[in-house]
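Chain by chain, the residues run as shown.
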Amino acid sequence: MTVVRLEKLRKVFDSRVVAVDDVDLVVNDGEIMAVLGPSGCGKTTLLRLVAGLEDPTSGRILFDDRDVTRLPTLKRNTAVVPQTWALWPHMTVFDNVAYGLRLRKKKLKLTEEEIRRKVVEALELVDLVGLEERRPFQLSGGQQQRVALARALVVQPEVLLLDEPLANLDAKLRLELREEVRRIAKKLSITTIYVTHDQEEAMAVADRIAVMNAGRIQQVGRPEEIYHKPASLFVATFVGRSNVLRGRVVEAKGEVVTVDVGFPLVAQTPQKLTSGEEVEVVARPEDIYIGGGGLRCVVEDVVFLGRYYQTTLRCSGKVLKAEGPRPPAQPGEEVAAEIARAWAFKP
């Protein structure tokens, strides 16, 4: 398979809109890399640059040691699954999947029998055998997504590129198909770049995640690293639910600081902070424990959200959201609480 290397990759539109800003990224052989970020952060533009659908302003794209920066799309051996799936409405499932092979028929010296065999194998992989003669309007959303995936896989790409492939599906189907996408990519050992704004989807599908904002990569790491060791305020607040408290550093000892946020709070930090600096402290709701600790709080509200109860607390004038398996108290009651883990960042 293929290692994808992006070196100082930059894309500027209309001489002023910087969509991708000096991105360095390595996607290892057979790895699924999720590019995660909010709308407008540049993640789809990054994908299109790798596919050859956009030309970079500067920087390089390498597949292994081969510079493909200026190669046209057809010479890169990539396959793209777009958000809209882009199936031909007048073609059958079979012909949609066979389309890429027929474009390459002369180059690859394929016979119609070989094309048929490859299409059937791709349909077997995505569990669509028996639907070859149906047209897209006769399929469910999940089946259409599988057709788009089969069409991408049938050409045996070096690099598979997926742009929000599950965005148009309902929640239940998204859960099912993200597992299928991971299973298939791993079975075929295809180097995969998976663009999404859904953090849970990124964690479920990817081996590693590149968190992107304003055209730049903020952090790259395994899902556990991104979640438990955020490198910036943006990553800490974008990935996972969070409480954000503004305060001032009282004491700094390396990677551990004590911050006055209305009450003293010990936090970790990946940054060099000094006493007196203003910071933002991020604490996840699941890291706030109710029933012990030195923080005195009043329960303002308790909401049942299925897997957990969300409790709204007011502590020394600050409002915090906590999560737990059972309701700790009734609104109006006073409780003791502890913030077990938090991170501090410069604003």
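Keep in mind that this is a model prediction, so the values were computed, not measured. (Residues numbered from 1 in each chain as written. Predicted model: local features only at pLDDT ≥ 70, side-chain atom pairs only at ≥ 80, totals over all residues. Heavy atoms only, no water.)

Chemist: Please explain the side chain of Glu 54 as it appears in this structure.
Modeler: Along the chain, the position of Glu 54 falls in the loop between helix H1 (43–51) and strand S4 (58–63). Polar contacts involving the side chain of Glu 54 include one to the side chain of Arg 48, which spans 3.3 Å. Not counting the four nearest positions on each side in its chain, Glu 54 is found in contact with Lys 11, Phe 13, Arg 48 and Leu 49. (Helix = DSSP H or I, 4+ residues; strand = E, 2+ residues; numbered from the N terminus. Polar contact = N/O pair within 3.5 Å; in protein donor to acceptor, adjacent residues only side chain to side chain. Contact = heavy atoms within 4.5 Å.)

Chemist: Explain the packing of helix H2 (residues 93–103) against helix H4 (residues 112–125) here, please?
Modeler: For any two helices packed against each other, one specifies the crossing angle of their axes together with the interaxial distance. The contact between H2 and H4 brings their axes to 9 Å, and the two run at 120°. Of the possible angle classes, the one that applies to H2 and H4 is oblique. The crossing of H2 and H4 is right-handed. Here Val 93, Phe 94, Val 97, Ala 98, Leu 101 and Arg 102 of H2 lie close against H4, whose contacting residues are Glu 112, Ile 115, Arg 116, Lys 118, Val 119, Ala 122 and Leu 123. Classifying every residue of the contact of H2 with H4 gives 9 nonpolar, no polar and 4 charged. (Axes fitted to C-alpha atoms, helices over the stretch in contact; angles between N-to-C directions. Parallel < 35°, antiparallel > 145°, perpendicular 65-115°, else oblique. Left-handed = near helix turned anticlockwise from the far one by under 90°. Nonpolar A, V, L, I, M, F, W, Y, C, P; charged D, E, K, R; others polar.)

Chemist: Please clarify how H1 should be interpreted in this entry.
Modeler: Every α-helix carries 3.6 residues per turn, so stepping three or four residues along brings you back to the same face. Within H1, 7 of the 9 residues are buried, leaving the element largely enclosed by the surrounding structure. Looking at H1, one finds that the buried residues are Lys 43, Thr 45, Leu 46, Leu 47, Leu 49, Val 50 and Ala 51. Where H1 terminates, the next one or two residues include Gly 52, which has phi positive at roughly 90°. (Buried < 20%, exposed > 50% of the residue type's maximum accessible area, 1.4 Å probe, protein only.)

Chemist: Looking at this structure, I do not really get the nonpolar core. What am I missing?
Modeler: Inside soluble globular proteins, nonpolar side chains tend to come together where they are buried. The biggest cluster of nonpolar side chains holds 50 residues, and the ones touching the most others in it are Val 97, Val 119, Leu 149, Leu 160, Ile 209 and Val 239. For this core, the leading source of residues is helix H5 (residues 141–153), giving 6 residues. Once residues lying within four places of it in the same chain are set aside, the contact partners of Leu 149 are Val 81, Val 126, Leu 160, Leu 162, Val 181 and Ile 184. Ranked by size, the runner-up nonpolar core spans 26 residues in total, among them Leu 245, Val 257, Leu 273 and Ala 344. (Core = buried A, V, L, I, M, F, W, Y, C linked by side-chain atoms within 4.5 Å.)

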